[in-house]
Amino acid sequence: MAAEAVRTLEDRGFIESLWIKDASVWTDDSAQQALIRNRLGWLTSPTLMRQHADDLKEFADDIRRSHFTHVLLLGMGGATLCPEVLGLTFGPKMGFPDLVVLDSTDPAAVKAALNRINLPRTLIVVSSKSGLTGETMALYAFFREQIEKGSRGKPGLQFVGITDGGTPLEKLSKNQNFRKVFLNPPTIGGRYSALSYFGLLPASLVGVAVAGFLDRAVAAVEEAGDSVPIRDNPGVMLGAKLASLAKAGRDKVTFVFSPGIAAFGTWVEQLLSESLGKNGRGLIPVDGEPLGAPAVYGPDRVFVAMTLADEAVALEAGLAALEEAGHPVIKIRLRDPLDIGTEFYRWEIATATIGALLQVNPFDEPNVQESKDLTAKLLTAYRTSRRLPEWSVDREEEGIALLTGAGTKPATVSEGLGAHMALAKPGDYLAFQAYLPPRPEIAEELQELRRVMRDKTKLAVTVGMGPRYLHSTGQLHKGGLPNGLYIQLTADDPHDLAIPGEAYSFAVLKNAQALGDLQALRNKGRRVIRVHLGGKDVVETLKKFTAMLARIPTR
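Source: prediction; values computed, not measured.

K.L.:
Is there a simple way to explain the packing of aromatic side chains in this structure?
P.N.:
Each aromatic ring pair is characterised by the separation of its centres together with the angle its planes make. The full count for this structure, using the stated rule, is 24 aromatic pairs. A ring pair is formed by F59 and F182, whose centres lie 5.2 Å apart and whose planes are at 75°; its orientation type is edge-to-face. A residue pair is termed long-range when its members are at least 10 positions apart, and F59 in helix 5 (residues 53–65) and F182 in strand 5 (residues 180–184) qualify at 123 residues. On the numbers, 5.3 Å between centres and 55° between planes, the contact of F182 with Y197 is tilted. Residue F182 is found in strand 5, and its partner Y197 is found in helix 10 (residues 197–205); the two are separated by 15 residues along the sequence.

See the structure below:
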């Protein structure tokens with residue numbers, strides 16, 4: 001199926017164009033071409049960062065000798081996903097600090113992170129390419145205040161910055177006497193920054209052997225060089241297959257991971273979503289959906305199985321059943337976890353390839369700003385009125401409130417949910433956007449919700465935790481294919497935390513982000529409703545909601 005795509009790439013001289021940074025393979029727009037040329041530093045980042053591996057190890061050893069027990073990483077999107085993947089894949093190392101990643105404005109999440117760390121013995125990494133990411137700077141203000149309350153010495157020594165040169169964060173780190181600031185090459189975009197300081201510094205701090213990891217990535221660079229024929233280039237061939245399948249209607253890229261590398265899914269989900277979901281095109285990555293029988297999947301699926309050599313057997317029967325049922329299955333076998341370094345680079349090359357074949361710019365994120373702008377307006381209004389302009393409740397029962405924003409008044413919540421689900425068409429996907437505390441028991445119930453709805457509707461079902469997903473799948477939701485059916489889930493915040501220097505709290509910020517994205521989706525004509533689950537017992541209410549959806553008749 002990929003043969004035509006390969007011929008197209010060969011005719012365009014895609015590999016040669018990629019390495020000489022000829023942006024015309026993605027767009028004819030000269031302004032966009034100029035921006036793209038300044039976003040291709042990731043092509044050589046493994047080679048560049050391999051030269052800094054010893055420096056990273058030396059800094060990590062210095063932190064370890066300083067008896068830090070935790071590393072708290074503050075950031076959003078591309079600033080946190082790779083370190084989280086590496087931390088979960090390679091696990092805590094004896095003698096090194098534990099990694100805690102905080103990429104949420106949910107007050108319960110902030111409080112949970114504070115409770116997990118030994119604050120006086122925690123090194124806090126503030127990570128932002130632009131140096132002015134709103135959520136990251138709010139989190140910094142909170143933890144800076146917490147440290148200064150009990151500090152007897154120099155609080156700045158507990159902070160490290162990662163940013164581009166000349167950003168507000170670089171200036172802040174110097175003015176507030178950070179221990180160190182690492183300046184990343186400015187030509188590396190956020191979601192392509194895994195193999196740069198953004199991904200590698202936090203990983204090295206918790207004992208990940210980044211030298212060996214980078215050796216695998218450097219080998220992947222050589223396999224993707226301009227002297228390698230397209231048909232021998234692993235990343236380009238992967239991209240050609242996926243683009244061809246997407247054009248044939250199989251645009252739901254469903255990942256199946258063996259347990260040891262399952263964390264990789266969140267990173268590749270962002271890469272595909274934010275790079276390709278624009279101009280009414282794109283691929284829909286489905287990460288974390290439980291593997292089911294072939295009968296529960298529609299003809300819009302392609303499965304990508306990424307497995308470790310010693311964990312592959314457990315998945316073979318399920319994958320074989322999918323192939324026998326006619327579903328395409330792409331298999332990627334890793335020798336060991338260090339091959340994740342290869343996969344970061346392979347998927348970046350694949351994504352650039354898909355962008356060329358779909359004719360989208362895979363290096364910008366035009367629709368992400370829309371939600372940010374609407375959130376900013378809501379917060380400005382809040383400073384004056386001390387309230388957020390909520391959608392009105394259409395109907396409420398059993399602690400579940402339905403808000404459609406359409407002024408309709410269904411007889412029951414179930415009736416309103418049924419009307420929304422009736423909008424689904426073959427080839428659509430169902431997306432739950434959960435602005436809920438990221439607690440394990442809530443995550444478990446959300447997984448049950450997606451399993452129930454997948455089996456019931458045969459639609460691909462995704463779950464994004466808000467506001468985290470705004471920096472991941474948010475671009476796809478607003479800029480990609482109009483085939484998403486969205487249900488935003490919210491709940492009360494029983495406990496809140498103030499943001500130092502701001503007139504609003506973390507709960508207000510999170511709710512403003514939810515409302516801003518809700519309005520951005522509606523402005524784009526997306527099919528979206530909001531369901532509020534109260535606040536007394538979110539898990540039990542979520543179970544009621546799952547049961548309610550399960551009872552709705554299918555068409």
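That was the structure; now back to the text.
K.L.:
I'm lost on the pattern of salt bridges in this one. Help?
P.N.:
Where side chains of opposite charge bring their charged atoms close, a pairing between them can arise. Taken as a whole and assessed by the stated rule, the structure comprises 36 salt bridges. For the salt bridge of D61 with R64, the shortest nitrogen-to-oxygen distance reads 3.2 Å. Taken together, the residues span about one helical turn, with D61 and R64 both in helix 5 at a distance of three residues. For D61, a relative accessible area of 13% puts it in the buried group.

K.L.:
Help me understand the sheet that holds strand 9 (residues 329–334), please; the structure alone is not making it clear to me.
P.N.:
One key point about sheets: their strands pair by backbone hydrogen bonds, in either a parallel or an antiparallel sense. Pairing is parallel across the open sheet formed by four strands, whose spatial order is 7-6-8-9. Bordering the open sheet on either side are strand 7 (284–286) and strand 9, each of which pairs with just one other strand. Averaged over all neighbouring strand pairs, the angle between strand axes comes to 20°, with direction disregarded. Sheet strands in contact with helix 12 (residues 234–247) are strand 6 (252–257), strand 8 (301–308) and strand 9, and its direction is about 155° off that of strand 9. Across the sheet, helix 15 (residues 340–358) lies against strand 6, strand 8 and strand 9, angled at about 140° from strand 9, the strand it touches most.

K.L.:
Which parts of the structure should I look at to understand the sheet that holds strand 10 (residues 395–397)?
P.N.:
Spatial ordering of the open sheet is given by 10-11-15-14-12-13, a layout of six strands whose pairing is mixed. Single-partner strands in this sheet number two, and they are strand 10 and strand 13 (460–465). Between one strand and the next, the sheet's axes are offset by a mean angle of 20°, whatever the strand orientation. Sheet topology places strand 14 (residues 484–490) next to strand 15 (residues 527–532); six bridges connect them, and they run parallel.

K.L.:
Teacher, can you tell me more about the nonpolar core here?
P.N.:
Burial of nonpolar side chains together is a common tendency in soluble globular proteins. By size, the foremost hydrophobic cluster in this structure holds 95 residues, and its most contacted members are W26, W42, L242, F264, W267, F344 and W347. Per-element accounting of this core gives the leading share, 11 residues, to helix 15. Apart from residues no more than four positions distant in its own chain, W42 is found in contact with T187, I188, Y192, Y345, E348, I349, A352 and F363. Core analysis: the second largest hydrophobic core is formed by 34 residues, L74, L114, V126 and A512 among them.

K.L.:
When you look at helix 14 (residues 313–324) in this model, what are you seeing that I'm missing?
P.N.:
Along an α-helix, a turn takes 3.6 residues, which lines up residues three or four apart on a common side. Its 12 residues place the ends of helix 14 17 Å apart at the C-alpha level, agreeing with the 16 Å of an ideal helix rising 1.5 Å per residue. Those residues of helix 14 that sit buried are L315, L319 and L322. For helix 14, the buried positions fall inside an angular range of 50° around the axis, keeping them on one side. Turned more than 90 degrees away from the buried face of helix 14, the exposed residues are V313, A317 and E324. Where helix 14 is buried, its residues meet strand 6, strand 8 and strand 9.

K.L.:
In this structure, what is going on with unusual backbone geometry? I would like to understand it.
P.N.:
When glycine is set aside, most residues are seen to have a negative phi, and most peptide bonds are trans. P467 follows G466 through a cis peptide bond whose omega is 0°. Mapped onto the secondary structure, P467 falls in the loop between strand 13 and helix 19 (474–479). Non-glycine residue R386 carries a positive phi angle of around 60°. Here R386 lies in the loop between helix 16 (368–385) and strand 10.

K.L.:
How should I be thinking about the environment of P299 in this particular structure?
P.N.:
Take P299: it is sitting in the loop between strand 7 and strand 8. Here P299 falls in the exposed class, since its relative accessible area comes to 67%. In this structure, the C-alpha to C-alpha distance between P299 and P426, residues 127 residues apart in sequence, is 9.0 Å. Those residues in contact with P299, other than ones at most four positions away along the chain, are G249 and R250.

K.L.:
Explain the side chain of S128 to me, please; I cannot follow it from the model alone.
P.N.:
Turning to its location among the elements, S128 is positioned in the loop between strand 3 (122–127) and helix 8 (134–150). Among the residues examined, S128 registers a relative accessible area of 1% and is labelled buried. In this structure, S128 is in contact with T133, I162, T163, D164, L169 and F198, ignoring residues within four places of it in sequence.

K.L.:
Sorry if this is basic, but what is going on with the pairing of strand 8 here?
P.N.:
The two faces of the sheet receive side chains in turn, since in a regular strand these alternate between them. Of all eight residues in strand 8, eight are buried; the element is thus mostly enclosed. Across six bridges, strand 6 lies against strand 8 in parallel orientation. Residue pairing in the sheet places F255 in a bridge with V304 of strand 8. Where the polypeptide runs from strand 8 across helix 14 and back to strand 9, its parallel neighbour, the crossover connection is right-handed.

K.L.:
I tried to follow the side chain of K252 on my own but got confused; where do I start?
P.N.:
With respect to the helices and strands, K252 occurs in strand 6. According to the relative accessible area criterion, K252 is buried, its value standing at 0%. A polar atom in the side chain of K252 sits 2.7 Å from the side chain of D251. At a separation of 2.7 Å, a polar atom in the side chain of K252 contacts the main-chain carbonyl oxygen of G427.

Cut-offs used in this document
Residues numbered from 1 in each chain as written. Predicted model: local features only at pLDDT ≥ 70, side-chain atom pairs only at ≥ 80, totals over all residues. Heavy atoms only, no water. Phe/Tyr/Trp six-rings, centres within 6.5 Å; stacked < 30°, edge-to-face > 60°. Helix = DSSP H or I, 4+ residues; strand = E, 2+ residues; numbered from the N terminus. Salt bridge = Lys/Arg side-chain N within 4 Å of Asp/Glu carboxyl O. Buried < 20%, exposed > 50% of the residue type's maximum accessible area, 1.4 Å probe, protein only. Pairing = 2+ DSSP bridges. Axes fitted to C-alpha atoms, helices over the stretch in contact; angles between N-to-C directions. Contact = heavy atoms within 4.5 Å. Core = buried A, V, L, I, M, F, W, Y, C linked by side-chain atoms within 4.5 Å. Expected span 1.5 Å × (residues − 1). Arc of directions from axis to C-beta. Right-handed = clockwise from strand over helix to strand, strands pointing away. Polar contact = N/O pair within 3.5 Å; in protein donor to acceptor, adjacent residues only side chain to side chain.

In short, geometric facts, not functional conclusions.
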